[in-house]
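Observations on chain architecture
Take a look at the letters that make up each chain.
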Amino acid sequence: DVNDLLVVNAGNDTNSCKNSGVVLGGSPTAPAGSTYLWSPAIFLDIVTLSNPTATPDTATTYFVNVIDSNGCNNTDSTMVSIFSILSISDTSFCKGDSVTLFVNTVSGTSPYVFLWTPVTGLSDTDTSVVIAKPGSNIVYTVIVTDGKGCTETTSISVTANNPPFSDFEMKL
């Protein structure tokens, strides 16, 4: 006898918050009576469940290998993306000038909400890109929240240097 191809459903790719539970697998993942082995095992509650819960802290692709009651096997995968942000590195500028600061969302679900603090010397506080013109050294913090309520925070240290000074005389 020839058996039909085993249909396996690891579930849809999804976006999640860091360390939040995501149930993997379809509805159903495979026919009743099948056995399951999910990998990688890291951040999974039980790797032999049809629908385990994953709590990854970074983007992870999970694979499920299924063997049905006829001994046929097949594999499927699903990607769990974790909301994360990237920002400009610590920076410096000359007092009197300004510097552009930014944060980018790497993954997550729109819309995104930005909150920069403190407001000292900032052109804006609720956008991904701000112009800073502080009078002295300062550390800005930006909190970014995505449409699922996931939150990431980063800080940027801004050093305000004195402008170059020259002490020379021009004689004619």
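Once a new chain begins, its residue numbering starts again from 1 and follows that chain's sequence as written. Only residues with pLDDT of at least 70 get local features here, since the model is predicted, and only at 80 or more are side-chain atom pairs given and counted; chain-wide, interface and lining totals rely on the full set of residues. Only hydrogens and water are set aside; all other atoms, that is, all heavy atoms of the structure, feed into the side-chain values.

Glancing now at the confidence of the model for the protein. What pLDDT conveys is the predictor's confidence in a given residue, as a value from 0 to 100. The predicted model of the protein has a mean per-residue pLDDT of 93, with 99% of residues at 70 or higher. Runs of E in the DSSP output that reach at least two residues are strands. Runs of H or I that reach at least four are helices, and both are numbered from the N terminus. Per-element averaging of pLDDT across the protein places strand S7 (residues 84–87) at the bottom with 90 and strand S3 (residues 35–39) at the top with 98.

What follows is about the state of the cysteines. The disulfide definition used here is simple: a pair of cysteine sulfur atoms within 2.5 Å. For the structure on display, the rule yields 1 disulfide. Between the sulfur atoms of Cys17 and its disulfide partner Cys150 the distance amounts to 1.8 Å. In this structure, the disulfide formed by Cys17 and Cys150 twists by about -90° around the S-S bond and is classed as left-handed. One end of the pair, Cys17, is in the loop between strand S1 (14–16) and strand S2 (22–23); the other, Cys150, is in the loop between strand S12 (138–145) and strand S13 (151–161), with 133 residues separating them in the sequence. For Cys150, a relative accessible area of 2% translates into the label buried. Burial classes follow relative accessibility: with a 1.4 Å probe on protein chains only, a residue under 20% of its type's maximum area counts as buried, one over 50% as exposed, and anything between as partly exposed.

Only strands joined by at least two bridges in the DSSP assignment are considered to pair. Spatially, the 4 strands line up as an open sheet ordered S8-S13-S12-S10, and their pairing is mixed. With partners counted over all chains shown, the strands left at the sheet margins are strand S8 (91–94) and strand S10 (113–117), one partner each. Taking each pair of neighbouring strands and ignoring which way they run, the sheet shows an average axis angle of 25°. Examined bridge by bridge, S12 and S13 share 8 bridges and lie antiparallel to one another. From the neighbouring strand, Ile138 faces S13, where its bridge partner is Val158. Axes here mean lines fitted to C-alpha atoms, for a helix over just the part in contact, with angles spanning 0 to 180 degrees between N-to-C directions.

A word on the nonpolar core. Leu101, Val103, Trp116, Tyr140, Val144 and Val158 are the most contacted members of the largest nonpolar core, which totals 20 residues. Broken down by secondary-structure element, the contributors of at least two residues to this core are strand S9 (99–107), S10, strand S11 (129–132), S12 and S13. Here this core gets 4 residues from one element, more than from any other, and that element is S12. Residue contacts follow a heavy-atom distance rule, with two residues in contact if any of their heavy atoms lie within 4.5 Å. Not counting residues up to four positions away in its chain, the partners in contact with Val144 are Phe83, Ile85, Val103, Thr105, Tyr112, Val113, Phe114, Cys150, Thr151 and Glu152. Throughout, nonpolar core names a set of buried Ala, Val, Leu, Ile, Met, Phe, Trp, Tyr and Cys residues whose side chains join them through atoms within 4.5 Å. Leu6, Ala10, Leu44 and Val64 belong to the second largest nonpolar core, which has 15 residues in total.

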